[in-house]
2 protein chains.
Amino acid sequence: MTKTIRLKDVAEAAGVSHGTASNVFNRPELVRDEVRERVREAARALGYAGPSPAGRLLRSGKVNAIGFAADQPLDYLFRDPWARRILTEVAEVCDARGAGLALVSVTEEHPTGWNIESALVDGFLLSGSGRKFLVEMTQRRGLPFVSLSLDTRDTDVPAVCIDDFGGAQAAARHLLELGHRRFAVLGFALGDGPGRVTPREVQATRSMNVLERARGYWAALAEAGIPEAEVPVHAIGRNGGNVGEALALLFADRATAPTAILAMADRLALAAMAWLEGQGLRVPQDVSVVGFDGVPEAASSTPPLTTMEQPYRRIAERSVAAILDDAMPEGREVLPLDLVLRASTGPAPS
Amino acid sequence: MTKTIRLKDVAEAAGVSHGTASNVFNRPELVRDEVRERVREAARALGYAGPSPAGRLLRSGKVNAIGFAADQPLDYLFRDPWARRILTEVAEVCDARGAGLALVSVTEEHPTGWNIESALVDGFLLSGSGRKFLVEMTQRRGLPFVSLSLDTRDTDVPAVCIDDFGGAQAAARHLLELGHRRFAVLGFALGDGPGRVTPREVQATRSMNVLERARGYWAALAEAGIPEAEVPVHAIGRNGGNVGEALALLFADRATAPTAILAMADRLALAAMAWLEGQGLRVPQDVSVVGFDGVPEAASSTPPLTTMEQPYRRIAERSVAAILDDAMPEGREVLPLDLVLRASTGPAPS
DNA sequence: CCCACCGTTTGAACCGATTCAAAAAAAGTC
DNA sequence: GACTTTTTTTGAATCGGTTCAAACGGTGGG
């Protein structure tokens, strides 16, 4: 293999100093026209492709790239709808800024290889930092990082997250305005199996997202005079489970069944609509459903789902800026959600 | 901001030489236990997180990461089904090897920023190198690269691609074995609008994929005594278009209508099945359909689509190995496709 | 007691660039 | 022509490591 051409070689060939050659590529306006051309010519003749990123990096310390890290295998980033959605936005934002994007996976079983410790990036976006593992790993590296989807009570970790409480509140208010009075909440990561869970169980969940959303729903309903106790929370269970089973209990007695379902995730809402359709219940004439997250599928379901959409773009912009512009959020930064009105909600049946 | 801790600082603190400190992290077996512990202790005390990747990179020249480049905006990699599918496999392969994955976008309009020239990677995987642009850009950088989805007659470019001809042949043979005699081919990137195109037009296409697939179909059918002229090729037109329109012409006369459709892409096949269902034609009882590509949706359509599946995993493995193990393919390397039998093909109607 | 050998450690060279104070050259001024 | 200014160019320091030949200290054999 032929020796690589270095800037020095080009400089020698052109009969100028190392420093001048560097200027030709980085601040051409400093170099006299004639010299600049001579250096360029030499570079061409030698097949020099421009300063190597590695050398530049070492000196400047800036990579101009961000790392997107997840505590999951890499392919997860392409399979999981939320990760994919946010990553798409992050990609667009990086693109617009001319920054690079590297994907990083860190699993506890497989902590070696290219990971948080060795990735050539200026900082990290952390996805799925439910467990402290990822955060601790990243802190050790000493690069700036922002946690997306932070799910902890710890408010010291720099994070860009969504206003679960406010979003849930808005969802409930929307249904209240439509005249609904009999609600049910559909949650996840609660209880052991499908079925109703008590407010106490909700309070005890380790998932801040779930807790805040529940509290948001309760708060809005309480304002309208509907106490927590009258709002059944049904969940699919911590280890997944069937939405149908959870709903079957809810709709066992049609007379007291809810007219409005507050789903803590679009996935749940979509499953609920499918189940309702199977039961001959019409959405939104008989039951209104509002989701949470704003996944792409929500726009194309039948009927299209009314949902609280996460501000994906703004999350991406804010967190990328945090790393690249050194504009780290002070602790947790909360972004509002948008209520997207579609066809799955309507006036309460009379 | 506090000064960063360098390996040198640790070495000094531990009272050893720079070189020994380096060995502690990279070849600990060379260092005496007592000294090793002393250095580790000093590192801990100073908050040193281990050798910085930047320095290491400069010396060793290896990044241990591959760049996935497309001549499209970055988000394309998450939106386009083919790109996403192959990227998922590439991600898994990289993960398994402990290698990094960086995403790179190079568009002619937006050639600045982090791109082929500046990405810190060991080599590139090129997606969508239909136009020479991407290839030329990459060649200039001087790093190894492999073109995926190469679509050119130029056989010098290192590439890992699929056996379009053989795949098409296998698809046609499958239908022949089921007794079909009246075929139609459904293509894309042919002609100006939806409708039939002549063999001459097919020969003239710039897309090697399309041409090779067509030739594969023709070759298999010719073996069974069905000449090119009896196989109508319908296409949706170069600028997209409606599959229904193309099919409507084909099925105008039910007596001479094909009993088997060879679609050059699953997308076309799925659209065709939807149209056929709309027309009251049953798949596969009335018409058999076989796709090409093996996109995930093909497995869950109704009926599930029989298709020639691309060997995504092998493409990923082969191309990643090419870069990281310096096992570049000699010119173009062709991988076979798998016929995946599902429910969209059946015996020819009698 | 000398020497060869082995396991450790050192020190300097090198990787490929950027940066900046200072020197050199060119251009103005009087 | 001598003196300022301004524009270019130079050369050395620096970034944070890795690597390797050589030096070193200790051991065992003869």
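- Labelled according to an unreviewed UniProt entry, chain A appears under the name Transcriptional regulator, originating from Rubellimicrobium mesophilum DSM 19309.

## Remarks on the sheet that holds strand 1 (residues 65-70) of chain A
Item 1. The strand order 12(A)-5(A)-4(A)-3(A)-1(A)-2(A)-2(B)-1(B)-3(B)-4(B)-5(B)-12(B) describes an open sheet built from 12 strands, whose pairing is mixed. Two strands close off the open sheet at either side, each with one partner strand: strand 12 (332-335) of chain A together with strand 12 (332-335) of chain B. Recorded for the sheet is a direction-independent mean angle of 25 degrees between the axes of neighbouring strands.
Item 2. Two strands pair when backbone bridges link them, and strand 3 (residues 123-127) of chain A and strand 4 (residues 145-148) of chain A are joined in this way by three bridges, in the parallel orientation. Within strand 4 of chain A, the position partnered with Leu125 of chain A by the bridge is Val146 of chain A.

## Here's the deal with the packing of helix 11 (residues 243-250) of chain B against helix 12 (residues 266-278) of chain B
If you want to describe how two helices pack, look at the angle between their axes and the distance between the axes.
All names here are of chain B.
Item 1. The interhelical angle for the contact between helix 11 and helix 12, taken along N-to-C directions, is 60 degrees, at an axis separation of 9 Å. Accordingly, the angle class assigned to the pair helix 11 and helix 12 is oblique. Helix 11 and helix 12 meet at a crossing whose hand is right-handed. Residues Val243, Gly244, Leu247 and Ala248 of helix 11 touch helix 12, and the partners they reach there are Leu268, Ala271, Ala272 and Trp275.
Item 2. Residue classes in the contact of helix 11 with helix 12 are distributed as seven nonpolar, one polar and no charged.

## What about the interface of chain A and chain B?
Item 1. The interface is formed by 38 residues belonging to chain A together with 38 residues belonging to chain B.
Item 2. Summed over both partners, the interface of chain A with chain B buries about 3,100 Å², with 68% contributed by carbon and sulfur atoms.
Item 3. In this assembly, chain A and chain B are joined by two salt bridges.
Item 4. Note that Glu92 of chain A and Arg79 of chain B form a salt bridge whose closest N and O atoms lie 2.8 Å from each other.
Item 5. At the junction of chain A with chain B, the criterion picks out six residue pairs in polar contact (both at pLDDT 80 or more).
Item 6. For the side of chain A that touches chain B, a count of residues per class yields 21 nonpolar, nine polar and eight charged.
Item 7. By the bridge criterion, three bridges tie strand 2 (residues 100-105) of chain A to strand 2 (residues 100-105) of chain B in an arrangement that is antiparallel. For Leu103 of chain A, the partnering residue across the bridge sits in strand 2 of chain B and is Leu101 of chain B.

## Notes on the protein's contact with DNA strand D
Item 1. Near DNA strand D there are 26 residues, and of these Val35 of chain A together with Arg6, Leu7, Ser22 and Asn26 of chain B occur at the shortest range.
Item 2. In DNA strand D, atoms within 4 Å of the protein come 67% from sugar and phosphate.
Item 3. Here a phosphate oxygen of DNA strand D sits 3.0 Å away from a polar atom, N or O, in the side chain of Arg32 of chain A.
Item 4. His18 of chain B places a side-chain nitrogen or oxygen 3.5 Å from a base nitrogen of DNA strand D.
Item 5. At the level of secondary structure, the elements contributing two or more residues to the surface near DNA strand D comprise helix 2 (18-26) and helix 4 (53-60) of chain A together with helix 2 (18-26) and helix 4 (53-60) of chain B.
Item 6. For the surface near DNA strand D, the residue count by class is nine nonpolar, 11 polar and six charged.

## Quick word on the protein's contact with DNA strand C
Item 1. Neighbouring residues of DNA strand C: 25 residues in total, closest Arg6, Ser22, Asn26, Ser52 and Arg59 of chain A.
Item 2. Of all atoms in DNA strand C that approach within 4 Å of the protein, 65% are sugar or phosphate atoms.
Item 3. Here a base nitrogen of DNA strand C and a side-chain polar atom of His18 of chain A are 3.5 Å apart.
Item 4. At 3.1 Å from a base oxygen of DNA strand C is found a side-chain nitrogen or oxygen belonging to Arg59 of chain B.
Item 5. Of all the elements in the fold, those that place two or more residues in the surface near DNA strand C are helix 2 and helix 4 of chain A together with helix 2 and helix 4 of chain B.
Item 6. The class makeup of the residues in the surface near DNA strand C is eight nonpolar, 11 polar and six charged.

## Points about the sheet that holds strand 8 (residues 233-235) of chain B
Residues and elements named next belong to chain B.
Item 1. With mixed pairing, the seven strands of this open sheet are ordered in space as 7-8-6-9-10-11-13. One side of each edge strand has no neighbouring strand; the edge strands of this open sheet are strand 7 (195-197) and strand 13 (338-340). Between one strand axis and the next, the sheet turns through 25 degrees on average, direction left out of account.
Item 2. Bridge analysis of strand 11 (residues 306-309) against strand 13 gives three bridges, and the strand direction is antiparallel. What sits directly across from Glu309, in strand 13, is Asp338.
Item 3. The sheet contacts of helix 8 (residues 164-177) involve strand 6 (183-187), strand 9 (260-263), strand 10 (288-293), strand 11 and strand 13, and relative to strand 10 the element is tilted by about 165 degrees.
Item 4. Contacts from helix 11 reach strand 6, strand 7, strand 8 and strand 9 within the one sheet, and its direction differs from that of strand 8 by about 150 degrees.

## Comments concerning the relation of the copies chain A and chain B
Item 1. Screw-axis analysis of chain A against chain B gives a translation of 0.0 Å along the axis, an RMSD of 0.1 Å, and a rotation angle of 180 degrees. In the structure described here, the two chain copies are related by an operation that fits a two-fold rotation axis. It is Ala102 of chain A whose C-alpha, among those of chain A, lies nearest the rotation axis, at 2.0 Å.
Item 2. The residues that chain A uses at the interface reappear at the interface of chain B in 100% of cases, marking a shared surface.

Scoring rules and cut-offs
- Residues numbered from 1 in each chain as written.
- Chains lettered and ligands numbered in written order.
- Predicted model: local features only at pLDDT ≥ 70, side-chain atom pairs only at ≥ 80, totals over all residues.
- Heavy atoms only, no water.
- Pairing = 2+ DSSP bridges.
- Helix = DSSP H or I, 4+ residues; strand = E, 2+ residues; numbered from the N terminus.
- Axes fitted to C-alpha atoms, helices over the stretch in contact; angles between N-to-C directions.
- Parallel < 35°, antiparallel > 145°, perpendicular 65-115°, else oblique.
- Left-handed = near helix turned anticlockwise from the far one by under 90°.
- Contact = heavy atoms within 4.5 Å.
- Nonpolar A, V, L, I, M, F, W, Y, C, P; charged D, E, K, R; others polar.
- Buried area = accessible area lost by both parts, 1.4 Å probe.
- Salt bridge = Lys/Arg side-chain N within 4 Å of Asp/Glu carboxyl O.
- Polar contact = N/O pair within 3.5 Å; in protein donor to acceptor, adjacent residues only side chain to side chain.
- Near = heavy atom within 4 Å.
- Least-squares fit on C-alpha atoms with pLDDT ≥ 70 in both.

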